[in-house]
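# Breakdown of the fold
Each chain, written out:
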Amino acid sequence: MVVQTVSPSPETLDFMKEVGGEKFELCYQCGLCTGTCPWNRVRSFMLRKLIHQAQLGLVDFEDEDLWTCVGCKACVDRCPRGVEVVDIMRDLRRVIVEAGVGKVPDSLRLVAKNFAAVGNPLGEPRETRPDWAKDLGVKTYTKGTEILYFPCCIQTYDPSIQRVARAAANILNKADVDFGILGAEVSCCGESIRKSGSESVFQSLARNNIEAFTKAGVNKIVVTSPHCYHTFMQEYPELGGNFEVIHLSQYLNELINEGRLKFTKELNKKVTYQDSCCLGRYAGMYDEPRQTLKSIPGLELLEMWEYRENSLCCGGCAGRLWMETKKGERFSDLRLEQALETGASILAVACPYCMLNFEDSVLTSDKGDVIEIRDIAELVQEVI
Amino acid sequence: MEDKVRIGVYICHCGANIADTVDIQQVVDFAKGLDSVVVAREYKFMCSDPGQNMIKEDIKQLGLNRAVVASCSPLMHEPTFRRAVQEAGINPYLFEMANIREHCSWVTEDHEKATEKAKRLVSAAVKRVYYHQPLEIREIPVNPNTLIVGGGIAGIQAALEIADSEHKVYLVERDPSIGGHMIQFDKTFPTLDCSACILTPKMTAVGAHPYIELMTYSEVEEISGFIGNFKARIRKKARFVDESKCTSCGVCQEKCPWKADSEFDLGLSKRKAIYTPFAQAVPNIPVIDKEYCAYFLKGTCRACEKFCEVGAIDFEQVDQVIEVDIGNIIITTGYDAFDPTPITQYGYGRFDNVVTGLEFERICNAVGPTSGKIVLKDSSEPKSIAIIHCVGSRDENYHEYCSRVCCMYALKYSHLIKERTDAEVYQMYIDMRCFGKGYEEFYKRLSEEGVTFIRGKVAEVTDRAINEDEKGKLIVCGEDTLLGTTMRVPVDMVILCIALEARSDAKEVAKLFSISQGADGFFIERHPKLDPVATMTDGIFVAGCCQGPKDIPDTVAQASAAATRVLALISKGKVEMEAATAVIDEEKCSGCQICNLLCPYSAISFIEDKEVSRVNEALCKGCGTCAAACPSGAITHKHFTTEEIMAEIEGVLA
Ligand SMILES: Cc1cc2nc3c(=O)[nH]c(=O)nc-3n(C[C@H](O)[C@H](O)[C@H](O)COP(=O)(O)OP(=O)(O)OC[C@H]3O[C@@H](n4cnc5c(N)ncnc54)[C@H](O)[C@@H]3O)c2cc1C
């Protein structure tokens, strides 16, 4: 074995600092992050060691592990020193992307290209963005409309997931909410590409959206993706975009409590709920989605053994959705087992990434006849 | 002004410190030309005896009635020169110091500028001293009685030290017995002394001491007054047992049919509705817990009364409120043990065999719930035990500080476990902090006893087995950071080394005694290094864990230090009061009470019937906050009057 010099590499450290990645300095190497990280259930991922390498300026930028973190924030939540591991991983990736010191996975390169070209990860044309709502009597957002409904790219373009955006629109219509949507002028919120290290792509997506929202006179935005929720709430303000942002599961609660949504049917099903990381650990929103579910007549809510703060990620955050995860290493497969264990026949989600990953897990494990993956919006739509 | 003002000005060279930069002779000549200056001189070291004598001689010979020394910071030598002028017969407050060293020669390179600045500072001092008034330094007697609040080892130690010198101590303890946390322990690190063996003699001594008035089951409700002269109102809660009759025979507890969770055993055992918390309680007088006593709940039973041969049970007893006069107060209210329930991943409250350190102390204790047998909930002996360090400590989600005793008590547990069982012991630590005398040696000794040390903060305790070996076990998961691998350690029992935290009512206690809390909730000492037992309120001292987490040796040392400070005040018998205090002109006071709120020493009170505020001169430290804030200009800060300050400014600008 070659003895590594433990002298910090000043250049890398400087670059890390330049992109704001010096937060690793606080780490006291307790290893809680490694122990918490769900990757270590399926394969080894020595997070603590990586942070220590960063501290010493000895990061191996060719190491595939830099692309491993799913940004679920479980480690950050527990970290005794407040080390923002997810931000550090993002910044390390930035070093790779922007300084070109390592290899960016092909799948991510393609996605970044799509973002840059058409403002969505799927490479779909901008013009067809509003098409999902064609037959639903949804108006275009104009000044004075109370709410902008902003579905995520997957919910607008992916034919199998569009049903969520449609359910949301139907519900809002039913509750007589004054809302509209925007089309070709808006783009992806940019959350996943930022965490994948392409800061400039994120910046241009975000600025484009902020401009479009501002031009249209938007104040209040209802979203159906926790990723949009997090980005609009936490990351747009630093670029000057300040909007009131509500996730649909929160808003549904409000509509139900105010009596604007009335249940006319029952849903006599056992349901379990997947905490999306971006709603739960990122925003502390654990109760609202559950309250919405519990208010549905007949519905029995069962919890998986890991839930709320300790919930297990589906594996789709931080750009991982676009990268291939080997069979046997997919968190959504583990999580689906937990869901099945509860005896629930529905796994309710509030996030398009969770939905995609779980749909996939159901398919590959051939459990389609035992459990369905449904967004909370769909379940509510069914009973009103 | 009574007589004509005659000022003497003295410029100090301070060796080369001032003279190398400032042209001393120029300053002297300048001073000579100032109004009311009768004489101006220079000298190498004004603080030396010849320097002081020069001032004294002039006062006598030239009839000076004011003096200015231009030299170093008043923090250095103001007392020196005040004493000198006083010895020559003028009031010490008719003196002013100009700081031409720290404020001038040390910080100004240019000689001309430095000389100019020195002149202005001298001019300011001369103008100011013109308006100085003689002030009286008052002395007030110190009441030799002491109040100690909290009867843990800190309070016990301080009480005994003071009482042994034959001064009266009122020791107030909230619980039915003194002893605090220490009496709950089995052994104490690093010497493994039996806790009760070393503590009960002290407890008994407190109970029997002619100079200690022990008030248990009591709380302080109000404090008024100031150093040397406090008044405390103490509520002695009704025990429903007449202390003068009770013989501590214990029959009442035997016969009482009603049970509740024992607080002393942390709910691991039951006690009766009439109880003493533990066998060696001091005083050994039971209390009746109204929440569980059938007589208080339903009006029947009275079994204890029937069996008490001396007729000590008194259901009619009421709380007593007692007022005592004291000169000093020592706060020794200790700590709370951190509740690990919020750290959901450790499963406390969810898994039977995840216990806290304090619970484990009781489990180890020969008179504890398991008679000292280290057993699981189902009474079987554990084959393996994991000890998790830093639970709630060194963790900014809970407490950022290190609790300082956990590494050591964790090691203590290793020993106790090895001594009494065949169990494997795992220490899951981040850093071993064994800093005290004999602590590293203890660590070494324990390393030889076959304990496994794993470096890594535990991520999770789960009962979800993934293989046969893990079935029915608690699996402790995390990273072994030294190996750089994740680990799953199946064990039967998990001990959480919980943090020490500030008492949940520390805020109220701080307010009651006018002391401050740090961000971590513990009481703040006057100076973290040089005055770790005094507080910002004179006459009130802190000792033990109420000031911060610490072990018993440090607690005892601090308690003794606090006792010494109190004894020093008692032996001196009097305290000097700051003379430069604030006074409120009641004619001008609008009663807005802004000053009351701002005063950091709670020295200003509002006189309801006159609707004005008034300064308690004994509490006033002369900080000037109130005078600056008073919107009606009703507050004069003696020695810092508007006249004096304006004159000083004029002098600088002249
Ligand atoms: C699990 C554990 C094991 C430990 N083992 C050891 C060891 O082996 N060796 C060692 O050196 N140290 C050990 N320690 C540390 C030790 O407990 C402390 O150093 C010591 O108990 C501090 O004593 P104290 O008097 O300051 O506080 P406490 O023991 O907390 O006593 C405070 C007393 O004040 C009373 N009180 C509180 N508030 C009020 C109020 N408002 N009015 C009236 N009374 C009040 C309380 O009832 C209590 O009796 C251990 C700590 C823990 C948590």
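Residues numbered from 1 in each chain as written. Chains lettered and ligands numbered in written order. Predicted model: local features only at pLDDT ≥ 70, side-chain atom pairs only at ≥ 80, totals over all residues. Heavy atoms only, no water.

Moving on: the overall build of chain B. Across its full length, chain B holds 18 helices and 34 strands. Judged by the C-alpha coordinates and their principal axes, chain B covers about 95 × 65 × 45 Å. By the burial criterion, 55% of the 654 residues in chain B qualify as buried. Placing the 72 positive and 94 negative side-chain charges of chain B at their respective mean positions leaves the two points 2 Å apart. (Helix = DSSP H or I, 4+ residues; strand = E, 2+ residues; numbered from the N terminus. Buried < 20%, exposed > 50% of the residue type's maximum accessible area, 1.4 Å probe, protein only. Lys, Arg positive; Asp, Glu negative; His and termini not counted. Charge placed at Lys NZ, Arg CZ, Asp CG, Glu CD.)

Let's shift gears to the sheet that holds strand S22 (residues 424–429) of chain B. All names here are of chain B. If you trace the five strands from one edge of the open sheet to the other, you get S20-S27-S21-S22-S23, paired in parallel fashion. Each edge of the sheet is formed by a strand with only one pairing partner; in this case those strands are strand S20 (354–356) and strand S23 (452–455). Strand-to-strand twist in this sheet, taken as the mean axis angle between neighbours without regard to direction, amounts to 25°. As paired elements, strand S21 (residues 384–391) and strand S27 (residues 493–498) share five bridges and run parallel to each other. (Pairing = 2+ DSSP bridges. Axes fitted to C-alpha atoms, helices over the stretch in contact; angles between N-to-C directions.)

So, about the site of the ligand. Residues and elements named next belong to chain B. Taken together, the neighbourhood of the ligand is formed by 37 residues, with Glu173, His181, Tyr335, Lys412 and Lys550 sitting nearest. At 2.5 Å from an oxygen atom of the ligand is found a side-chain nitrogen or oxygen belonging to glutamate 173. At 2.7 Å from an oxygen atom of the ligand is found a main-chain nitrogen or oxygen belonging to lysine 550. Within the complex, the protein chains bury 98% of what would otherwise be the 1000 Å² of accessible surface of the ligand. Every element with two or more residues in the shell around the ligand is listed here: helix H6 (153–164), strand S8 (187–188), helix H11 (357–364), helix H12 (406–420) and helix H15 (552–572). Tallied by class, the residues present in the shell around the ligand amount to 16 nonpolar, 12 polar and nine charged. (Near = heavy atom within 4 Å. Polar contact = N/O pair within 3.5 Å; in protein donor to acceptor, adjacent residues only side chain to side chain. Areas by Shrake-Rupley, 256 points an atom, 1.4 Å probe, with all protein chains shown as cover. Nonpolar A, V, L, I, M, F, W, Y, C, P; charged D, E, K, R; others polar.)

The next point concerns the domain arrangement of chain A. Residues and elements named next belong to chain A. Looking at chain A, the domain boundaries give domain 1 (10–99), domain 2 (106–253) and domain 3 (262–383). The interface is formed by 17 residues belonging to domain 1 together with 19 residues belonging to domain 3. Both faces combined, the contact of domain 1 with domain 3 buries some 1500 Å², and carbon together with sulfur accounts for 59% of it. Together, Arg41, Val42 and Val70 form the three largest contributors to the area buried by domain 1 at its contact with domain 3, with a combined 33%. Taken together, the links from domain 1 to domain 3 amount to two salt bridges. With a closest N to O distance of 3.8 Å, arginine 43 and glutamate 329 form a salt bridge. The interface formed by domain 1 and domain 3 contains six residue pairs in polar contact (both at pLDDT 80 or more). Of all the secondary-structure elements, those providing two or more residues to the side of domain 1 that touches domain 3 are helix H3 (39–42), helix H5 (74–78) and helix H6 (85–99). Residues that form the side of domain 1 that touches domain 3 fall into these classes: nine nonpolar, two polar and six charged. (Domains from an automatic or database assignment. Contact = heavy atoms within 4.5 Å. Buried area = accessible area lost by both parts, 1.4 Å probe. Salt bridge = Lys/Arg side-chain N within 4 Å of Asp/Glu carboxyl O.)

As a volume, the second largest pocket reaches approximately 650 Å³. Contributing to the lining of the second largest pocket are 30 residues, with Arg41(A), Trp305(A), Glu306(A), Glu460(B) and Arg488(B) lying nearest its centre. When residues of the lining of the second largest pocket are traced back to their parent elements, those giving at least two are helix H2 (32–36), H3, H5 and helix H15 (331–341) of chain A together with strand S24 (460–462), strand S25 (474–480) and strand S26 (485–491) of chain B. In terms of residue count, the dominant contributor to the lining of the second largest pocket is H15(A) (four residues). Its residues assigned to classes, the lining of the second largest pocket comprises 11 nonpolar, nine polar and 10 charged. (1 Å grid on protein atoms, 1.4 Å probe; cavity = no way out; pocket = protein on both sides within 12 Å on 5 of 7 lines; lining within 4 Å. Points joined across faces, edges and corners; volume = space filled by probe spheres on them.)

Moving on to the domain arrangement of chain B. When the domains of chain B are assigned, the result is domain 1 (7–135), domain 2 (251–307), domain 3 (337–501) and domain 4 (582–638). Here domain 1 of chain B and domain 2 of chain B have C-alpha centroids that lie 73 Å from each other.

With that settled, consider unusual backbone geometry. For the bond from Phe189(B) to Pro190(B), the omega torsion is -10°, close enough to zero to count as cis. With respect to the helices and strands, the residue Pro190(B) is situated in the loop between S8 and strand S9 (193–194). At the junction of Val282(B) and Pro283(B), the peptide bond is cis and its omega measures out at 0° in the coordinates. Notably, Asp176(A) is not glycine yet its phi reads approximately 60°, a positive angle. Within the element layout of this structure, Asp176(A) appears in the loop between helix H9 (162–174) and strand S3 (179–181). Residue Asp176(A) is classed as exposed on the basis of its relative accessible area of 67%. Positive phi, normally seen in glycine, also occurs at His639(B), with a value near 75°.

Another point: a nonpolar patch on the surface. A contiguous nonpolar surface patch, about 530 Å² in accessible area, is contributed by Phe640(B), Ile645(B), Met646(B), Ile649(B), Val652(B) and Leu653(B). You can see Leu653(B) is positioned in helix H18 (residues 642–653). (Patch = residues over 30% accessible without salt bridge, like charges linked within 9 Å, V, L, I, M, F, W, Y side chains within 5 Å.)

Core analysis: the biggest nonpolar cluster contains 133 residues, and Phe213(A) and Phe232(A) have the highest contact counts within it. The leading source of residues in this core is helix H11 (residues 199–216) of chain A, at eight residues. Counting 119 residues, the second largest nonpolar core, distinct from the first, contains Ile148(B), Ala163(B), Phe338(B) and Leu619(B). (Core = buried A, V, L, I, M, F, W, Y, C linked by side-chain atoms within 4.5 Å.)

Attention now goes to the state of the cysteines. All names here are of chain B. Within the structure shown, the criterion is met by one disulfide over all chains. Disulfide partner of cysteine 194: cysteine 197, at an S-S distance of 2.3 Å. As the torsion about the S-S bond is roughly 85°, the cysteine 194-cysteine 197 disulfide counts as right-handed. On the basis of relative accessible area, cysteine 194 is assigned to the partly exposed category, the value being 25%. Not engaged in a disulfide, the cysteine cysteine 308 finds its nearest cysteine sulfur in cysteine 249; these two sulfurs lie 6.2 Å apart. (Disulfide = S-S within 2.5 Å.)

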